[in-house]
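What follows is each chain in one-letter form.
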Amino acid sequence: MRTRFTRSSLPEPDVVDAARARACLDATALKNNYAVIRKQVPGQGVLPMIKANGYGHGAAWVARELLKEPDLIGFGVATLGEGARLREELGPRARRLSVVVFAAMSPFTEEKAQFCELHGLEPVLSTEDAWRAFHKGAWAERLKYHLEFETGMNRLGIPFAQAPVIAREVGKRPIEHRPESVFTHLASAEIPDGADCRKQLERYDSIRQAFRPASPGTRLHFANSAAIWNSQTYGVDERSDWVRPGISLYGVAPWRDAPLRGLQPVMELRASVVRCFALQAGEGVGYGATFRVPRGEKQSVAILAAGYADGVHRILSNQAGVWLNGRFERILGQISMDLMAVSASTQVKPGDEAVLLGPNVDIWALAKKAGTIPYELLTSVSSRVIRDG
């Protein structure tokens with residue numbers, strides 16, 4: 001007898017869609033990675049970067065899992081919307097922690113400052129105009145804030161030469177109106193002995209020398225994941241108070257050949273098999289039939305419920321592979337919006353799951369095939385992929 005469902009008894013859409021494609025999140029791996037990072041920079045405050053929805057993992061999930069970790073300063077986001085959503089998700093229990101908004105205050109407006117005040121956000125001021133407008137509006141009396149200085153990235157930041165002037169101005173203000181932190185961002189932190197990096201460090205040191213005596217309570221930082229991995233070379237312990245881990249937090253080495261040092265992937269991207277069949281010699285699969293079975297051969301095929309709308313880059317068509325039932329299987333033909341074809345053994349059946357990202361996948365090698373970097377692969381995992389963690 002067929003079961004009849006009512007609207008109220010039907011499962012939620014997320015439950016149904018989880019059988020299609022899902023990102024399995026490992027909280028134990030996340031906390032392990034946090035510990036690996038702390039071990040390399042003992043005594044530093046940690047400001048995890050969870051912008052872009054926690055590098056695709058879910059910003060609120062990452063934050064909740066890390067709330068009780070030692071040395072946690074707060075969290076870094078890119079936009080005001082990210083910050084507000086994070087505050088709403090975390091609620092009162094996280095009010096003691098900072099939510100620092102890194103890339104939203106230029107050009108500065110009163111509305112942005114009011115938004116920060118309403119949602120408990122700490123803005124980064126990264127242009128001279130923003131700094132002047134912020135203080136003209138007396139916002140330093142109402143908001144915690146941070147200053148970014150340009151030392152060579154040539155993106156955002158107040159020119160480093162202005163640091164002595166601004167430090168003197170800051171030093172004249174009450175302690176509670178001074179910046180929480182002052183920082184810069186290294187363009188090539190994975191190459192600590194490079195000329196550009198050395199120049200940036202010299203400029204950062206000049207900023208540090210200006211602010212240390214003028215505002216002793218203001219924290220200093222420059223170290224992203226790559227700089228953390230080179231912490232002894234950079235003298236992170238002597239040069240900074242905080243670190244800002246990003247990609248390493250999610251179990252990815254900061255550059256292609258960097259040692260993992262115990263990092264573990266936090267995300268395993270899985271897609272369900274929805275059909276299995278065999279192709280005969282000469283038959284193709286997918287748009288344009290860019291894969292055809294060679295003469296005299298047969299090919300067992302599995303269709304997976306994931307495509308480029310889920311974050312599987314189309315450029316990987318006929319280039320990369322997946323793990324399916326303990327074997328590496330090739331992507332066959334063009335990846336389409338919602339589906340993709342892979343080689344398969346005859347034992348594979350509908351309902352089995354293939355792993356597209358995870359412990360058995362070299363994410364740097366996969367990124368190379370896609371002509372990109374792991375950051376983009378992770379942040380490409382779309383919102384319709386259910387996060388399971």
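Up top is the structure these notes are about.
Residues numbered from 1 in each chain as written. Predicted model: local features only at pLDDT ≥ 70, side-chain atom pairs only at ≥ 80, totals over all residues. Heavy atoms only, no water.

Chemist: Outline the pattern of salt bridges, listing residues and values.
Modeler: This model, assessed by the stated rule, comprises 18 salt bridges. Among the salt bridges present, the one from Glu353 reaches Arg22, with a minimum N-O distance of 2.7 Å. Taken together, the positions of Glu353 in strand E18 (residues 353-357) and Arg22 in strand E1 (residues 21-25) put the pair 331 residues apart, joining distant regions of the chain. The closest approach of N and O atoms between Asp241 and Arg212, which form a salt bridge, is 3.2 Å. Residue Asp241 is found in the loop between helix H12 (236-239) and strand E10 (242-243), and its partner Arg212 is found in helix H9 (residues 195-214); the two are separated by 29 residues along the sequence. (Salt bridge = Lys/Arg side-chain N within 4 Å of Asp/Glu carboxyl O. Helix = DSSP H or I, 4+ residues; strand = E, 2+ residues; numbered from the N terminus.)

Chemist: Could you give an account of the packing of aromatic side chains, naming the residues involved and the relevant values?
Modeler: Summed over the entire model, instances satisfying the criterion amount to 10 aromatic pairs. Ring centres 5.0 Å apart and planes at 55° place the aromatic pair Tyr204 and Phe222 in the tilted group. Here the residue Tyr204 occupies a position in helix H9, and Phe222 occupies one in strand E9 (residues 219-223), the gap between them amounting to 18 residues. Here Tyr204 matches Phe222 in class, with each residue buried. Across from the ring centre of Trp139, 4.0 Å away, lies the NZ or CZ of Arg142, which sits over that ring. The ring of Phe277 carries Arg275 above its face, with NZ or CZ at 4.0 Å from the centroid. (Phe/Tyr/Trp six-rings, centres within 6.5 Å; stacked < 30°, edge-to-face > 60°. Buried < 20%, exposed > 50% of the residue type's maximum accessible area, 1.4 Å probe, protein only. Lys NZ or Arg CZ within 6 Å of the ring centre and 35° of its normal.)

Chemist: Can you lay out the nonpolar core for me, pointing to particular residues and giving the numbers?
Modeler: With 113 residues, the main nonpolar core has Phe75, Leu147 and Phe211 as its most contacted residues. Take this core: its biggest share by element is 6 residues, from H9. Discounting residues that sit within four places of it in the chain, Leu147 has contacts with Leu125, Trp131, Ile158, Ile166, Pro179, Ser181, Val182, Phe183 and Phe211. Counting residues in hydrophobic clusters, the runner-up holds 9 residues, among them Phe291, Val293, Val301 and Ala341. (Core = buried A, V, L, I, M, F, W, Y, C linked by side-chain atoms within 4.5 Å. Contact = heavy atoms within 4.5 Å.)

Chemist: Before we move on, could you go through the side chain of Ser382 and cite the residues and values that matter?
Modeler: Positionally, Ser382 belongs in the loop between helix H14 (374-379) and strand E19 (386-388). For Ser382, the residues in contact, after removing those within four places along its chain, are Ala309, Asp310, Gly311 and Arg387.

Chemist: Go over empty space enclosed by the protein, please, and point to the residues and values.
Modeler: Tallied over the entire structure, the rule returns 2 cavities of 30 Å³ or more. Its boundaries defined by the atoms lining it, the largest cavity holds a volume of some 120 Å³. Around the largest cavity sit 13 residues that line it, and Val312, Leu316, Leu356, Leu357 and Leu366 are the ones nearest its centre. At the level of elements, strand E15 (321-324) and E18 are the ones that each hand at least two residues to the lining of the largest cavity. What the second largest cavity holds in volume is close to 30 Å³. Contributing to the lining of the second largest cavity are Ala21, Leu269, Arg270, Ala271, Ala306, Asp310, Val312, Leu356 and Val385. At 3 residues, strand E11 (residues 267-279) tops the list of elements feeding residues into the lining of the second largest cavity. Of the residues that constitute the lining of the second largest cavity, the class distribution is 7 nonpolar, no polar and 2 charged. (1 Å grid on protein atoms, 1.4 Å probe; cavity = no way out; pocket = protein on both sides within 12 Å on 5 of 7 lines; lining within 4 Å. Points joined across faces, edges and corners; volume = space filled by probe spheres on them. Nonpolar A, V, L, I, M, F, W, Y, C, P; charged D, E, K, R; others polar.)

Chemist: Go over the layout of surface pockets with me, naming the residues and quoting the values.
Modeler: Over the atoms rolls a probe the size of a water molecule, and in doing so it shows where empty space is left. Considered as a void within the structure, the largest pocket measures approximately 640 Å³ in volume. Taken together, 28 residues form the lining of the largest pocket, with Lys51, Met153, Arg155, His185 and Asn224 sitting closest to its centre. Taken together, the elements giving at least two residues each to the lining of the largest pocket come down to helix H3 (51-55) and helix H10 (225-229). Split into classes, the residues belonging to the lining of the largest pocket amount to 18 nonpolar, 5 polar and 5 charged.

Chemist: Give a detailed account of the pairing of E11, specifying residues and quantitative values.
Modeler: Looking at chain direction, E1 and E11 are connected through 5 bridges and run antiparallel. Directly across from Ala21, in E11, lies its bridge partner Ala271. With 6 bridges connecting them, E11 and strand E14 (residues 299-304) associate as antiparallel partners. When the bridges of E14 are listed, Ala278 appears paired with Ser300. (Pairing = 2+ DSSP bridges.)

Chemist: Residues and numbers for the environment of Gln264, please.
Modeler: Relative to the assigned elements, Gln264 resides in the loop between E10 and E11. Considering only alpha carbons, one finds Gln264 and Leu249, 15 residues apart in sequence, at a separation of 8.9 Å. Excluding residues within four positions of it along the chain, Gln264 makes contact with Ala29, Asn32, Asn33, Tyr250 and Gly251.

Chemist: Describe in detail the packing of helix H8 (residues 163-171) against H9, supporting the description with residues and values.
Modeler: Closest axis-to-axis distance for the H8/H9 pair is 9 Å, and the angle between their directions is 10°. By the angle between their directions, the pair H8 and H9 is classed as roughly parallel. Two secondary-structure elements touch here, H8 through Ala163, Pro164, Ile166, Ala167, Val170 and Gly171 and H9 through Ile207, Ala210, Phe211 and Ala214. (Axes fitted to C-alpha atoms, helices over the stretch in contact; angles between N-to-C directions. Parallel < 35°, antiparallel > 145°, perpendicular 65-115°, else oblique.)

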